[in-house]
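Structural description and commentary
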Amino acid sequence: MFGLTAADLTAYWITLKLATVGTVVLVVLATPLAWWLARTKWKGRIVVETLVALPLVMPPTVMGFYLLVLFGPHGWVGGLLESLGYRHLAFTFTGIVIGSMFFSLPFVVHPLQNAFASTGIRVSEVANTLRASPWDRFVSVILPLSRRGFLSAFVLSFAHTFGEFGMILMIGGSIPGATKVASIAIYDHVETMNYGAAHSLSLLLVASSFILLMLIFALNRRYKVAGMA
Amino acid sequence: MSLKLDFTVDRGSFILQAALELPARGVTALFGRSGSGKTTLLRCIAGLKRQRGGYLAFRGETWQQGKDFVPTWKRPLGYVFQEASLFPHLSVRGNLEYGYRRVAEEKRHFHCEEIVALLGLETLLGRCPDQLSGGQRQRVALGRALLTSPELLLMDEPLASLDAASKEEILPFLERLRDELQIPIIYVSHAIDEVIRLADHVVLIDNGKVIAQGGLQAMLTGRELPFVRTESASTALEARLRTADAGDELSELEVEGQPLLIARHPGNPGQAVRVRILARDVGLALQPPADTSILNCLAVTVLDTQPGLVPSQLLVRLALGGQVLLSRISCRSARLLGLHAGQNLYALVKTVALG
């Protein structure tokens, strides 16, 4: 199809899977963190906020390098897993999912934190006086009022992972069918002067990004979220 | 059957201290200036603020004591905030039903149709909160709170953020609420006219301290209390409607066995009516005067006098049966009348406003 080989399609599929799985897991895990950051009055939260923002300024290769060391058979995480009878995480799909989650953390936490902060405490108090338990309040009031924040978090995290290169190469290597993503495949094509294949795969990435974003903007327009009345 | 509370909130420069036993019926106003601690006290009662060391019991049920604390959502109360704070992602109907759906079926005393009718919300149900006026929003917020069938209704200056027209739109609903629904209401306000119109019981709070509490009239006319020292010193008389149409667009009330004429007021004979009479609108005479434009003349007895706001004036407290009327007169008039405690006089009432 359009000069795409089976290997190219596999790389594209892995990219999609990585971005989807990584984003979903990250949003679920980052929600409590963002909630806590938006609500806590603890002064030390600035340290946590800095740590969350760190991936914004760190070169992906640096992060990838540290994670590789950590996830490898002799690293703290990898070593612990090995001693428990599991396989270490270097050069695995799980490894690049976790890596991409660290990498996208600020892109998820920031929009969620802003959304939670702007929802304000009042709506939650109102729901409290209307017999809603804490969890009920979160689901019935906070979540729907933070829709835009979640949408931004999904888009940013997905897009960010979709195009990531350096960190995935570091942690995952370039194992076809496991950790070789589309951006790495494109690089390989260019390395071997196969510009035609590079073009096809690149065009596929551009088209999918375009369609995805358009869908999201359409959704966003449909579910307009009004301010507090 | 009451609300007992004991809270001390220490914010360094400001300390709120309140140990109170309030009647669990009628409207109790927490009255005081902005920043006097009224809202903080209301939030403690609601459980929105968890004050350590606080004590709170409602109708014999302990809501807070020591480490025991019933969270707000488990307390059978309704709360109306100063800003309506409707949920922007829900329609008016969605807002109204939010609390209703969370109350067990056997505990629902009020249902949507009756509350919608009581508050006149029929035409608003499908709208979004941002399409409503301030007064409409506050009515929806009130209905939303009522639909949880609360045993106690807490209101934090529900009219303060509204313009005069919207206030007049809401006040009759609040009066109906008080008269028809039998829910005890705690009403925070710094507007004396709202308090006179709605409250049965008043707690005066100043700078975090409770200065006095008691019936509305006693608080308005109490000798040592702040109201008698204001320009708009007044009393609130409890009267009954005798004749709705007394001719000339007037209605006749009866207060302590004496007639009192007011501008035409619709209602049924025997119905309770509260009227407000300002001290400056009451003159005194030794004999009931003939040939005067003043219609209302009540036989009263002098209780005591105190200095007025300016040296030339006196404030006189008068007994009207079991109730108290205030009159502001000049010191010269007092001397000419030979004013003294126990003296029988006639109070000439120039203006009577509905309370």
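Residues numbered from 1 in each chain as written. Chains lettered and ligands numbered in written order. Predicted model: local features only at pLDDT ≥ 70, side-chain atom pairs only at ≥ 80, totals over all residues. Heavy atoms only, no water.

An unreviewed UniProt entry lists chain B under the name Molybdenum ABC transporter ATP-binding protein, with Pseudothauera rhizosphaerae given as the organism.

Looking at an unreviewed UniProt entry, one finds chain A named Molybdenum transport system permease, with Pseudothauera rhizosphaerae as its source organism. According to UniProt, the comment filed for chain A under the heading Sequence similarities (unreviewed entry) is "Belongs to the binding-protein-dependent transport system permease family. CysTW subfamily." The Function (unreviewed entry) comment attached to chain A in UniProt states, word for word, "Part of the binding-protein-dependent transport system for molybdenum; probably responsible for the translocation of the substrate across the membrane." (UniProt positions renumbered as here; feature names shortened; annotations may be inferred.)

Now for the pairing of strand β18 (residues 313–320) of chain B. A regular strand places its side chains so that they alternate between the two faces of the sheet. Residue and element names in this part refer to chain B. Buried residues dominate β18, accounting for 7 of its 8 residues. Examined bridge by bridge, strand β17 (residues 296–307) and β18 share 6 bridges and lie antiparallel to one another. Of the residues in β18, the one forming a bridge with D304 is R317. The pairing of β18 with strand β19 (residues 323–330) spans 8 bridges and is antiparallel. Each bridged residue has a counterpart across the sheet, and for L315 the counterpart in β19 is R328. Here β18 folds back onto β19, and the loop between the two strands holds 2 residues, one of which, G321, carries a positive phi near 60 degrees. (Buried < 20%, exposed > 50% of the residue type's maximum accessible area, 1.4 Å probe, protein only. Helix = DSSP H or I, 4+ residues; strand = E, 2+ residues; numbered from the N terminus. Pairing = 2+ DSSP bridges.)

Attention now goes to the interface of chain B and chain A. Residue-level contacts link 26 residues of chain B with 22 residues of chain A. Carbon and sulfur atoms supply 62% of the area that chain B and chain A bury against each other, a total of about 2200 Å² over both sides. Contact with chain A buries area across many residues of chain B, yet W73(B), P88(B) and H89(B) alone supply 30% of it, more than any other trio. The interface formed by chain B and chain A includes 3 salt bridges. R122(A) is the salt-bridge partner of E83(B), the closest N and O atoms lying 2.6 Å from each other. Here chain B and chain A share 10 residue pairs in polar contact (both at pLDDT 80 or more) between them. Counting residues per element, the side of chain B that touches chain A draws most heavily on helix α4 (residues 134–146) of chain B, which supplies 3 residues. Grouping the amino acids of the side of chain B that touches chain A by side-chain chemistry returns 14 nonpolar, 5 polar and 7 charged. (Contact = heavy atoms within 4.5 Å. Buried area = accessible area lost by both parts, 1.4 Å probe. Salt bridge = Lys/Arg side-chain N within 4 Å of Asp/Glu carboxyl O. Polar contact = N/O pair within 3.5 Å; in protein donor to acceptor, adjacent residues only side chain to side chain. Nonpolar A, V, L, I, M, F, W, Y, C, P; charged D, E, K, R; others polar.)

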